[in-house]
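Coordinates in review
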Amino acid sequence: MVTTPMPLPDSRTEPDGSAVIRVLSYNVRSLRDDTEALARVIRACAPDLVCVQEAPRFFRWRKAAARLAAMTDLVMLSGGATAAGPMLLCSLRATVERTEDVLLPLTPGQHRRGLATAVVRFAGARLGVVSCHLSLRSDERHAQAGLLLDQLDTMDVPHAVVAGDLNDVPEGRAFGRLAGRLQDCRTVRPWGGEHTFPPGSPDRRIDAVFATGGIEVLGCGVPAELPGVTDADLRAATDHLPVLAALRVPATG
């Protein structure tokens, strides 16, 4: 289902110091696909923050991550191999307060999972941000969702955004655990496409952007009809579709 009642708001700073920002969540499959197509999609979305999953993790991963940032006119904020895959990119509009890469407990026989986190400011708005990629196993995924919420509690921020590949649908336990504490931005203000996987014929929503309660959701969904985003690029870029959200973050007193 595609819901595009109006254009997604552009990034801007409001007179009261609040900030309208664009947050993009994107599983890039270790840049194994068409990186030029990927970069075109990201640039067309004009994000202030990109929550990446499956960033490069092995040989010369920092060089690969820096190349993606340069191709998209962004800078690397945190994560990558040091967070077991999640990574954060940001525009020069962001002022960085601090970053932290968090490794989650390892289940024997499963992939290591982690969180890329940061605290940033946009004009007068102070914001925590977390990029995540949860387990393929239901029990581990549910536990990781709880650990993510615990990490959010330690960040000491008035507002926060969480985005990532949940490997879970909205009816699932892990997705529901996050949505029980945070706004599921797509549900609050649908915009664009709904399903994120697989890219050729998407039939499920396993990627999402969440926000704490004080943030106003202005629109959220797959940017399939955004100017500059083509179906060919979305199919070629990686094995997930991206999720783009426009949010208004209140000024911090």
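Overview of the structure. From a predicted model like this one, the values you see are computed outputs, not experimental measurements.

**Brief notes about the packing of helix 1 (residues 35-45) against helix 2 (residues 61-71)**
The interhelical angle for the contact between helix 1 and helix 2, taken along N-to-C directions, is 50°, at an axis separation of 9 Å. Overall, the two elements helix 1 and helix 2 adopt an arrangement that is oblique. Considering how the two elements wind past one another, helix 1 and helix 2 form a crossing that is right-handed. Where helix 1 abuts helix 2, its residues Thr35, Glu36, Leu38, Ala39, Ile42 and Arg43 lie against Arg67, Leu68 and Met71. Class assignment for the residues of the contact of helix 1 with helix 2 results in five nonpolar, one polar and three charged.

**Here's the deal with the pairing of strand 14 (residues 216-221)**
Of all the six residues making up strand 14, five are buried; the element is thus mostly covered by neighbouring parts of the structure. Taken together, the five bridges between strand 14 and strand 15 (residues 243-249) define a ladder with antiparallel strand orientation. Bridged to Val217 within strand 15 is Leu247.

**Some words on the pairing of strand 13 (residues 207-211)**
Across the five residues of strand 13, five count as buried, placing the element largely inside the fold. Residues Asp207, Val209 and Ala211 of strand 13 are buried on one face, and the alternating residues Ala208 and Phe210, pointing to the opposite face, are buried as well. As paired strands, strand 10 (residues 160-165) and strand 13 are joined by five bridges and run antiparallel to one another. Bridging from a neighbouring strand, Val161 pairs with Ala211 of strand 13.

**Description of the packing of aromatic side chains**
Counted under the stated rule, the structure contains one aromatic pair. Considering the side-chain rings of Phe175 and Phe210, the 5.4 Å spacing of their centres and the 65° angle between planes classify their relative orientation as edge-to-face. On the criterion of sequence distance, the pair formed by Phe175 in helix 4 (residues 173-179) and Phe210 in strand 13 is long-range, its members being 35 residues apart. Here Phe175 and Phe210 have matching classes, each one buried.

**Quick look at the nonpolar core**
Counting 31 residues, the largest nonpolar core has Tyr26, Leu38, Ile42 and Leu89 as its most contacted members. At the level of secondary structure, the elements contributing two or more residues to this core comprise strand 3 (19-27), helix 1, strand 4 (49-53), helix 2, strand 6 (87-90), helix 6 (231-237) and strand 15. Considering each element in turn, this core owes the most residues, six residues, to helix 1. Formed by 29 residues, the second largest nonpolar core is a distinct cluster that contains Leu49, Val209, Val243 and Ala245.

**Section: the state of the cysteines**
Each disulfide consists of one covalent bond between the sulfur atoms belonging to two cysteines. The tally for this structure, following the rule as stated, stands at zero disulfides. Cysteine Cys45 shares no disulfide, and the gap to the nearest cysteine sulfur, in Cys220, comes to 11 Å.

**Some points on the sheet that holds strand 9 (residues 125-133)**
Here six strands make up an open sheet; going across it, the order is 7-8-9-10-13-11 and the pairing mixed. Each of the sheet's edge strands pairs with one partner strand only, and the pair in question is strand 7 (95-103) and strand 11 (183-184). As defined by bridge partners, strand 7 adjoins strand 8 (residues 114-122) across eight bridges and the pair is classed as antiparallel. Counted as the bridge partner of Glu100 is Thr117 from strand 8.

**Here's the deal with the side chain of Asn27**
Looking at the secondary structure, you find Asn27 in strand 3. Here Arg29 takes part through its backbone nitrogen, which lies 3.0 Å from a polar atom of the side chain of Asn27. Engagement of the side chain of Asn27 in a polar contact is seen with the side chain of Asp165, the distance being 2.9 Å. Apart from residues no more than four positions distant in its own chain, Asn27 is found in contact with Gln53, Glu54, His133, Asp165, Asp207, Thr238, Asp239 and His240.

**Section: unusual backbone geometry**
Here the residue pair Phe197 and Pro198 is connected by a cis peptide bond, since its omega of -10° sits within 30 degrees of zero. With respect to the helices and strands, Pro198 occurs in the loop between strand 12 (192-193) and strand 13. Phi at Arg29 is positive, roughly 50°, even though this residue is not glycine. Relative to the elements of secondary structure, Arg29 occurs in the loop between strand 3 and helix 1.

Cut-off values and rules
- Residues numbered from 1 in each chain as written.
- Predicted model: local features only at pLDDT ≥ 70, side-chain atom pairs only at ≥ 80, totals over all residues.
- Heavy atoms only, no water.
- Axes fitted to C-alpha atoms, helices over the stretch in contact; angles between N-to-C directions.
- Helix = DSSP H or I, 4+ residues; strand = E, 2+ residues; numbered from the N terminus.
- Parallel < 35°, antiparallel > 145°, perpendicular 65-115°, else oblique.
- Left-handed = near helix turned anticlockwise from the far one by under 90°.
- Contact = heavy atoms within 4.5 Å.
- Nonpolar A, V, L, I, M, F, W, Y, C, P; charged D, E, K, R; others polar.
- Buried < 20%, exposed > 50% of the residue type's maximum accessible area, 1.4 Å probe, protein only.
- Pairing = 2+ DSSP bridges.
- Phe/Tyr/Trp six-rings, centres within 6.5 Å; stacked < 30°, edge-to-face > 60°.
- Core = buried A, V, L, I, M, F, W, Y, C linked by side-chain atoms within 4.5 Å.
- Disulfide = S-S within 2.5 Å.
- Polar contact = N/O pair within 3.5 Å; in protein donor to acceptor, adjacent residues only side chain to side chain.

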